[in-house]
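Coordinate inspection notes
The primary structure of each chain is shown beneath.
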Protein chains: 2
Amino acid sequence: MGFVPIVDVLSGKHKRAKVRGWVHRKRESKTIIFVVLRDQSGLVQCAIKEGSPAWEEAKKLTVESSVEISGEVHKDKRAPGGCEIGVDKLTIVGLAERFPISRDVSEEFLRDVRHLWVRSRKLTQIFRVRSEILHAIHDFYHERGYFEIQSPSFTKSACEGGTTLFEVKYYDRKAYLSQSWQLYAEVMLPALQKIYTIAPSFRAERSRTTRHLSEYWHHEMETAWMDFDGLLRFQEDFILHLTRHVLKHCKTELKELGRDTSDMKSLKKPFIRMKYAEAIKKLGHRWGHDITDKDERKLVADAGKPVFLTHFPRDMKAFYMEPDPQDPKTVLACDLLLPGIGETTGGSCRIVKKEDLEKSMKMYKLDPKDYDWYMDLRRYGSFPHAGFGLGIERLVMWLTGTKHIMDTIPFPRTMTRLTP
Amino acid sequence: MGFVPIVDVLSGKHKRAKVRGWVHRKRESKTIIFVVLRDQSGLVQCAIKEGSPAWEEAKKLTVESSVEISGEVHKDKRAPGGCEIGVDKLTIVGLAERFPISRDVSEEFLRDVRHLWVRSRKLTQIFRVRSEILHAIHDFYHERGYFEIQSPSFTKSACEGGTTLFEVKYYDRKAYLSQSWQLYAEVMLPALQKIYTIAPSFRAERSRTTRHLSEYWHHEMETAWMDFDGLLRFQEDFILHLTRHVLKHCKTELKELGRDTSDMKSLKKPFIRMKYAEAIKKLGHRWGHDITDKDERKLVADAGKPVFLTHFPRDMKAFYMEPDPQDPKTVLACDLLLPGIGETTGGSCRIVKKEDLEKSMKMYKLDPKDYDWYMDLRRYGSFPHAGFGLGIERLVMWLTGTKHIMDTIPFPRTMTRLTP
């Protein structure tokens, strides 16, 4: 008989079981030792009685030791999960030294030993949900006939201004690490029309906040012939798909993380659509005033559900965004604000006409030479198109109810954190 | 009636159709204009007769212009795909300037205008297959209960020697771009046990070959409790799954690319397993001699099917590889050679015991301080585990029959190529 996952033991389908994993907790008296064993699927209590052939080995066991255990499974209401293994065989695979993580260590220490802290129930559950979200993203696009495409991380010029770009020594010259696939994605559209990516993006972010990372995972999509309303509706379907997928497939994880899922369950489309003009009125700002992180959280808290902020003033957004024909001082751009998080996606329609793009680049003081290949898209069969980008970690924060973005990625990178 | 993909027109299910795309070719006489229209799904011939309301617009059309076309669909054996649209309405969306790509341009020029060359039938078909391969990889792991996990691109120390590492200005210090997730993956295993990734890897590769890139996409997996035989069998299942998936879902693409699929169809497990000792005997080398790219291609050509090269001399491989208990001068490592390509995957069992790892690091002249967090895995509940890595682009080369690796990724990066 082979090893079985702990979740199968808890389901009660085995009378005897052979499991392997790590010692999560140990409690011992003179006549019995209780070991809570952990594998990726769950926790199970194992009891070793004095006189059992496993007794001597069990006495040696330390927290985080790896072991193989066999024994009889019996129901026990007092045991976590309702089942217990009465151990008759126990093999220590790797006896652990004294584990450095205990209840009273600091957050900073936990980040120093991140490679061990990833074993915590909290982080493990978050990463399980993260993986399921990625799966749901791939699924969503595959069902809709999209192609997964990758753009380069190395770029030559510091597009869109360079204050947050990382510089790389690229052989005998300089290169920069990409912050978005967008310009590359646009020029791919005449070949494939509907494309998406999931890739790291790099941002030399000097601010220390609970929602910024120097390296984050960036999901982006770009679609030929999509208009602004289509872009908003697509994102609604996308967020709803992910929310429902996680509700359905991550029940245990969300429960263990203490995520109150009532807002996820009641989520429905359409989301609220609010123009910038309306938002600043609510906030008491003047035209041209930035909408801060705090403002975003207020707007979405007041609304009680996701909010699309749209129609921003042109000079607050990027040069490639299409002005609204009804009100050309604003652009057809949208930020999706999620409750408790704020901005999670950002998208827009892209400028179609070459003359408009040239004018816009002049307005933004960009050198057309740096964008010649991008301009070619408008020279050779231009067409309406739109897309959006999303920070995977912010979405994980929202869906798992995690307060700090550093907990949503296994090995976070920030201005002060480059190890482990 | 909405727009339909060209593939639906060719299937003959519409009597009338509205399509949009780009002008792939144009041929004109005094009384009729033929336009071959392209969208991501295919090509269709559209005929505009003199006197039709679309005639004047059709005359203006240039190659790569974007258009919307409506008309009646009728069968025509002479038309490519067997169907033709008799156009009665034609709207030019973006009239193209004279397209710079023609039959007689150089390879180098095609790389300069890569952003336009991606529209070619060849590259489009390759990227379609590439996307389908990525989908098949995700599928394969999801079915087997694996988690998709990401490791950082920024690392502090130049592990495994630094000659091919890219250096980054990381705020006020230096960092390096990662070449493998492996050390991070190993320490994640006590949390999740079965994990995989698809992410960019960076290699400052000064050699100009047809199978190296400065940035490539790297699939890696790591599995707790997996032994060497398990690792080989897993990779066989993996390669077979991908091959069958592509055969099934990319028929049109492979046909258009002229890929002779007989080797894919006849592929079966087990693959050939050949120890290094046997390989050098066949090649006439002495013990310790490198197996070159050319050697690899010879071995796999002679075999006529994929070959696992295994049991390399220890000092030819990485410090973390487990020596073969039967023959400790060799390690439990494997390279999978594919016909025409050579090495495509590389994997190994990882050293389990702390003392063995320390001894190995001394042998490789590595500073244990740089690997303290990695060593912790052996301090706190060590266990057997194994994994492998694969270059996505090499796999795409093999499955699509592409000669040059630069054609398997949309915007290749090499020592001499950083744009577009």
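Higher on the page you've got the structure.
Description of the structure in this document. (Residues numbered from 1 in each chain as written. Chains lettered and ligands numbered in written order. Predicted model: local features only at pLDDT ≥ 70, side-chain atom pairs only at ≥ 80, totals over all residues. Heavy atoms only, no water.)

Residues and elements named next belong to chain A. Taken in spatial order, the eight strands make up an open sheet running 6-10-11-18-17-16-13-12, and their pairing is mixed. Edge strands, defined here as strands with exactly one partner in the open sheet, are strand 6 (147-148) and strand 12 (272-275). Together, strand 6, strand 10 (194-202), strand 11 (215-224) and strand 18 (385-391) form the strand contacts of helix 6 (residues 182-192), whose direction differs from that of strand 11 by roughly 35°. Along the sheet, helix 14 (residues 392-400) makes contact with strand 11, strand 16 (333-338), strand 17 (342-349) and strand 18, crossing strand 18 at roughly 60°. (Pairing = 2+ DSSP bridges. Helix = DSSP H or I, 4+ residues; strand = E, 2+ residues; numbered from the N terminus. Contact = heavy atoms within 4.5 Å. Axes fitted to C-alpha atoms, helices over the stretch in contact; angles between N-to-C directions.)

Across the contact, 94 residues belong to chain B and 94 residues belong to chain A. When chain B packs against chain A, the two sides together hide about 8,200 Å² of surface, and 63% of this comes from carbon and sulfur. Of all residues in chain B, B:Tyr171, B:Trp225 and B:Tyr380 give up the largest surface area on contact with chain A, accounting jointly for 11% of the area buried on that side. Our count for the contact surface shared by chain B and chain A stands at four salt bridges. The residue A:Asp172 makes a salt bridge to B:Arg206 at a minimum N-O spacing of 3.8 Å. Counting across the interface, chain B meets chain A through 41 residue pairs in polar contact (both at pLDDT 80 or more). Here the side of chain B that touches chain A takes ten residues from helix 5 (residues 121-143) of chain B, the largest share from any one element. (Buried area = accessible area lost by both parts, 1.4 Å probe. Salt bridge = Lys/Arg side-chain N within 4 Å of Asp/Glu carboxyl O. Polar contact = N/O pair within 3.5 Å; in protein donor to acceptor, adjacent residues only side chain to side chain.)

The subject of this paragraph is the environment of A:Phe3. Its location among the elements puts A:Phe3 in the segment before helix 1 (6-10). With 15 residues separating them in the primary sequence, A:Phe3 and A:Lys18 have C-alpha atoms 4.9 Å apart.

Let's shift gears to the sheet that holds strand 17 (residues 342-349) of chain B. Residues and elements named next belong to chain B. Across the sheet, eight strands lie side by side as 6-10-11-18-17-16-13-12; this open sheet has mixed pairing. Two strands bound the open sheet, and with one partner strand each, they are strand 6 (147-148) and strand 12 (272-275). Taken together, the seven bridges between strand 11 (residues 215-224) and strand 18 (residues 385-391) define a ladder with antiparallel strand orientation. Looking across to strand 18, one finds that Ala224 is bridged to His385. In the packing of helix 14 (residues 392-400) onto the sheet, the strands contacted are strand 11, strand 16 (333-338), strand 17 and strand 18, and the crossing angle to strand 18 comes to about 60°.

The next point concerns the side chain of B:Thr261. Position of B:Thr261 relative to the elements: it lies in the loop between helix 8 (251-257) and helix 9 (262-266). When near neighbours in sequence (up to four residues on either side) are disregarded, B:Thr261 contacts B:Leu247 and B:Leu254.

The subject of this paragraph is the relation of the copies chain B and chain A. Mapping chain B onto chain A calls for a rotation angle of 180° and an axial translation of 0.0 Å; the resulting RMSD is 0.0 Å. What the rotation and shift describe, once combined, is the action of a two-fold rotation axis. The position closest to the rotation axis in chain B is occupied by the C-alpha of B:Val168, lying 2.3 Å away. Both copies present the same face, since 100% of the interface residues in chain B are matched by interface residues at the equivalent positions in chain A. (Least-squares fit on C-alpha atoms with pLDDT ≥ 70 in both.)

This structure, assessed with the given rule, holds 57 aromatic pairs over all chains. With a centroid separation of 5.3 Å and an interplanar angle of 80°, the aromatic rings of B:Phe140 and B:Tyr141 are classed as edge-to-face. Each member of the pair, B:Phe140 together with B:Tyr141, is buried. Here the aromatic residues A:Phe140, A:Tyr141, A:Tyr146, A:Tyr196, A:Phe234, A:Phe238 and A:Phe388 are joined through ring pairs into a cluster of three or more. Note that A:Arg259 overlies the ring of A:Trp398, its terminal NZ or CZ placed 5.7 Å from the centroid. The residue whose ring lies beneath A:Lys317 is A:Phe312, and the NZ or CZ to ring-centre distance is 4.3 Å. (Phe/Tyr/Trp six-rings, centres within 6.5 Å; stacked < 30°, edge-to-face > 60°. Buried < 20%, exposed > 50% of the residue type's maximum accessible area, 1.4 Å probe, protein only. Lys NZ or Arg CZ within 6 Å of the ring centre and 35° of its normal.)

So, about the packing of helix 7 (residues 228-249) of chain A against helix 14 of chain A. All names here are of chain A. Contact geometry for helix 7 and helix 14: axes closest at 11 Å, N-to-C directions at 50°. Put simply, helix 7 runs oblique to helix 14. The crossing of helix 7 and helix 14 is right-handed. Between helix 7, through Ile239, Leu242, Thr243 and Val246, and helix 14, the contact on the second element is made entirely by Leu395, Trp398 and Leu399. (Parallel < 35°, antiparallel > 145°, perpendicular 65-115°, else oblique. Left-handed = near helix turned anticlockwise from the far one by under 90°.)

Time to look at helix 14 of chain B. Residues and elements named next belong to chain B. For helix 14, the buried fraction is high: nine of the nine residues fall into the buried class. Residues of helix 14 that are buried: Ile392, Glu393, Arg394, Leu395, Val396, Met397, Trp398, Leu399 and Thr400. Immediately downstream of helix 14, the backbone of Gly401 shows phi near 70°, a positive value.

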